[in-house]
Structure formats: C-alpha cells, structure tokens
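# Chain and residue survey
Each chain, letter by letter, is given below.
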Amino acid sequence: MDGRRYAVGYALASNKQATFAQPSLVNVAKERSIDLIKIDFEKPLIEQGPFDLVIHKIYGPEWAHQLTEYAAMNPAVPIIDSPIAIEKLLNRISMLQVVIDLSTSLSDRHSVSFGIPKQIVVHDAAALVGVDLEENSGLKFPVIAKPLVVDGSAKSHKMALVYCNEGLSKLEPPIVLQEFVNHGGVVFKVYVAGEHVKCVKRNSLPDVKEENLETLSFSQVSNLSSLEDGEVEIPPLGFLSDIARGLRQQLGLNLFNFDVIRDARNGDRYLVIDINYFPGYEKLPCYEQVMTDFFCDVLSSCNKHLAGGSSKLL
C-alpha cells in the first residue's frame, strides 16, 4: 500500500451487515489504512463514495443496473463480483457443472480425485408421483432434495433427506435431487477470498446404513452419532487450492466457498456438493486478517494497473 487511506464500500443485506462488518474486522482494516463504508440503499450508488473498491451481495435487476451505472462512471474501481458471474451460483445445476469441467483438467495433478454426486433436476411435481426413482433416473436412496434456485432467502437453503419413493411426493419443485453419499458425518468448507484459501471442518449428516432406509425420518438421521471431529483429516491444502483456483477462473468470482465431502466408499475420492457466493466469512477463524489481506491484494493490483496506464478491473 502507498500510505494513503482507501475506502471499501460494502452492500449487504441488513442481517449480513451485522455479521460481516464486525468491529474486529473494521479495526483490523483500519490498521491497514482501509476504511469500510456501508453503502446506503436509500441513495443511488452513483451518488455515494468515492470508493476504491466495492463488494456486495445483493440480488436483483435494479441493483445490477446501479452497479453497471457506477462502473461506467468509475471504470478504475473494482466491483467484487460481477452480477453476471454471480448468476452461475444461483442455480444448483449450473453451479456444479463447472466442477465437472474442472475435474477433467485437474485429474492428473493429484493422487486424489474429485467430482460431484449424481443428481437430477425436477421441474414438475407430477414427475414425483408414483415413480421408481432408481429405475427412472439411476439415483439410489437416500437423496438430498435442494431448491433449484439459490437467491439468498431462507427457503433456498431448506433441504430434506428423502429415503424412499413415497417421500418424493411431499417435495415442491423445482428441486435438485442429489444422491446422498456416506461421508463420515463431516463436511469440509473451503473459503476462497481471491488467492486466499482456508478450510474448516463442520459436522454434517452422519452415514446412513442401508437397513435403516425404510425406517428413519430426516430428524432421526440428523440425530445419529457421527465421527468425532478430531478423527477426520482435512484434504491436502494443495489439492483444495487447485480446485479453488480453477473455480475462480471458470466462474470469474473472487468471494465464495465450496463444500466438499470425502466419499466413505473411497477415501481418495472427494465430492463437491455446493458452492455459495460471499459466504459467512465471519465463521472462519481469523477472518478479519483473511479479508483485509484480500482487500489489500485487490487494491494493490488495481494500483499497478493504473501505474501502467491501464484501468483493467479484476
């Protein structure tokens, strides 16, 4: 950094403002000459600032229009991230398609492999009545039912574990049915902020035994015991960093996380089950340092482009 102060404007929903822009982050950023400034939704974005960087997690055409207008008037100010790029993560089919493409290009670089679980999309409720899932689609029970559209609402994160054909009729399309893979009851959440990649372990649904499929409800499965957190090793960081780098390039995004599970049938096989834009970084230990380092990276890169006579954005 060059000694001057920088203004980073953030546009977040009210509940995310409180969790992300905590005093601890504000203070760490200030120590690095960065001031975090809340963008006021009561005023047009074009009338606010000046900003040296804008970060956001707001959806909708009106906000996208404001960003386009602001970018046209301030071409040297990076906007993290492009609404067009973010759209790829608002559909659970398109978000994981990029993983399939990436797994092919990275397959020869590591001793472990990765991919995604088998999944199908269902648009019509009638398609779920009186069907044999395995016969019609090749999916085996249990399956996780997830809303197709991810729009930041509580509904878009509502999921269900379905363990028999009868349970399908209770679902409300459009949905994605994703084959549940036993994974030791642990999910690896990989947080990406530009070139910074951090992984943490979280509890997940425990393994489901085949003999229990006809008798367990979703709540019963959730209460089954899982492996102790300390028993599970985090995947190789180099492997996760390569996936993160590939996703950044193919998605055109800087701020996201992806959820990874280890296939219990093959310890060298990992599956990416979800990707989220601008996740809850505050859940990451020392997130203040990670985010401030990311801000500094973006601002330094922008300064280099300007020094070279270019206004190219990240």
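Anything mentioned here points back to the structure above.
Keep in mind it's a predicted model, so treat the numbers as computed, not measured.

## Points about the sheet that holds strand β2 (residues 34-38)
Spatially, four strands are ordered β2-β1-β3-β4 in an open sheet, and the strand pairing comes out parallel. Looking along the sheet, the strands with just one partner apiece sit at the ends: β2 and β4 (79-80). When strand β1 (residues 6-12) meets strand β3 (residues 53-57), the two strands line up parallel, connected through five bridges. Bridged to Val-8 within β3 is Leu-53.

## A short note on the environment of Ser-204
With respect to the helices, strands and loops of the structure, Ser-204 is situated in the loop between β11 (196-203) and α8 (218-222). The exposure class assigned to Ser-204 is partly exposed, which follows from its relative accessible area of 26%. Along the sequence, Ser-204 and Val-186 sit 18 residues apart, while their C-alpha atoms lie 4.9 Å from each other. If we skip the residues at most four places from it in the chain, Ser-204 touches His-183, Gly-185, Val-186 and Val-187. Polar side-chain contacts of Ser-204 include one of 2.8 Å to the side chain of His-183.

## Remarks on the packing of aromatic side chains
Geometrically, a pair of aromatic rings is defined through the distance of the ring centres and the angle of the planes. This model, assessed by the stated rule, comprises 10 aromatic pairs. Judged by centre distance (5.5 Å) and plane angle (45°), the ring pair of Phe-239 and Tyr-270 falls under tilted. Residue Phe-239 is located in helix α9 (residues 237-251), and its partner Tyr-270 is located in strand β13 (residues 269-277); the two are separated by 31 residues in the primary sequence. Taking the relative accessible area as the measure of exposure, Phe-239 reaches 3% and is therefore buried. Here a set of aromatic residues connected by ring pairs shows up, and it is made of Phe-20, Tyr-191, Tyr-277, Phe-278, Tyr-281 and Tyr-287. The lysine or arginine in question, Arg-4, covers the ring of Tyr-6, its NZ or CZ lying 4.1 Å from the ring centre.

## Considerations on helix α5 (residues 92-106)
Its 15 residues place the ends of α5 22 Å apart at the C-alpha level, agreeing with the 21 Å of an ideal helix rising 1.5 Å per residue. Considered for burial, the residues of α5 that qualify are Arg-92, Met-95, Leu-96, Val-98, Val-99, Leu-102, Ser-103 and Leu-106. Burial along α5 is one-sided: seen end-on, the buried residues are contained in an arc of 145°. The inward-facing, buried residues of α5 abut β5 (113-115), β6 (119-122), β7 (143-147), β9 (175-179), α9 and β13. N-cap assignment for α5: the residue whose side-chain oxygen lies 2.8 Å from the backbone N of Ile-93 is Asn-91.

## Points about the packing of α5 against α9
Two numbers describe how α5 lies on α9: the axes approach to 10 Å, and their chain directions differ by 125°. With respect to α9, the axis of α5 lies oblique. In terms of crossing hand, the pair formed by α5 and α9 is right-handed. Residues Val-98, Val-99, Asp-101, Leu-102 and Leu-106 of α5 lie in contact with α9, whose contacting residues are Asp-242, Ile-243, Gly-246, Leu-247, Gln-250 and Leu-251. Split by residue class, the contact of α5 with α9 holds seven nonpolar, two polar and two charged.

## Some thoughts on the pattern of salt bridges
Taken as a whole and judged by the stated rule, the model has seven salt bridges. Of the charged contacts, one joins Asp-52 and Arg-4 as a salt bridge, the two residues approaching to 3.1 Å between their closest N and O atoms. Separated by 48 residues along the polypeptide, Asp-52 in the loop between β2 and β3 and Arg-4 in the segment before β1 bring together distant segments of the chain. Note on Asp-52: relative accessible area 19%, which makes it buried. The salt bridge partner of Asp-293 is Arg-32, with a shortest N-O separation of 3.0 Å. Pair noted here: Asp-293 is in helix α10 (residues 287-307) and Arg-32 is in the loop between α2 (23-31) and β2, with a separation of 261 residues, a long-range link. The partly exposed category is assigned to Arg-32, whose relative accessible area is 30%.

Calculation rules
Residues numbered from 1 in each chain as written. Predicted model: local features only at pLDDT ≥ 70, side-chain atom pairs only at ≥ 80, totals over all residues. Heavy atoms only, no water. Pairing = 2+ DSSP bridges. Helix = DSSP H or I, 4+ residues; strand = E, 2+ residues; numbered from the N terminus. Buried < 20%, exposed > 50% of the residue type's maximum accessible area, 1.4 Å probe, protein only. Contact = heavy atoms within 4.5 Å. Polar contact = N/O pair within 3.5 Å; in protein donor to acceptor, adjacent residues only side chain to side chain. Phe/Tyr/Trp six-rings, centres within 6.5 Å; stacked < 30°, edge-to-face > 60°. Lys NZ or Arg CZ within 6 Å of the ring centre and 35° of its normal. Expected span 1.5 Å × (residues − 1). Arc of directions from axis to C-beta. Axes fitted to C-alpha atoms, helices over the stretch in contact; angles between N-to-C directions. Parallel < 35°, antiparallel > 145°, perpendicular 65-115°, else oblique. Left-handed = near helix turned anticlockwise from the far one by under 90°. Nonpolar A, V, L, I, M, F, W, Y, C, P; charged D, E, K, R; others polar. Salt bridge = Lys/Arg side-chain N within 4 Å of Asp/Glu carboxyl O.

Treat this as a map of the structure, not an account of what it does.
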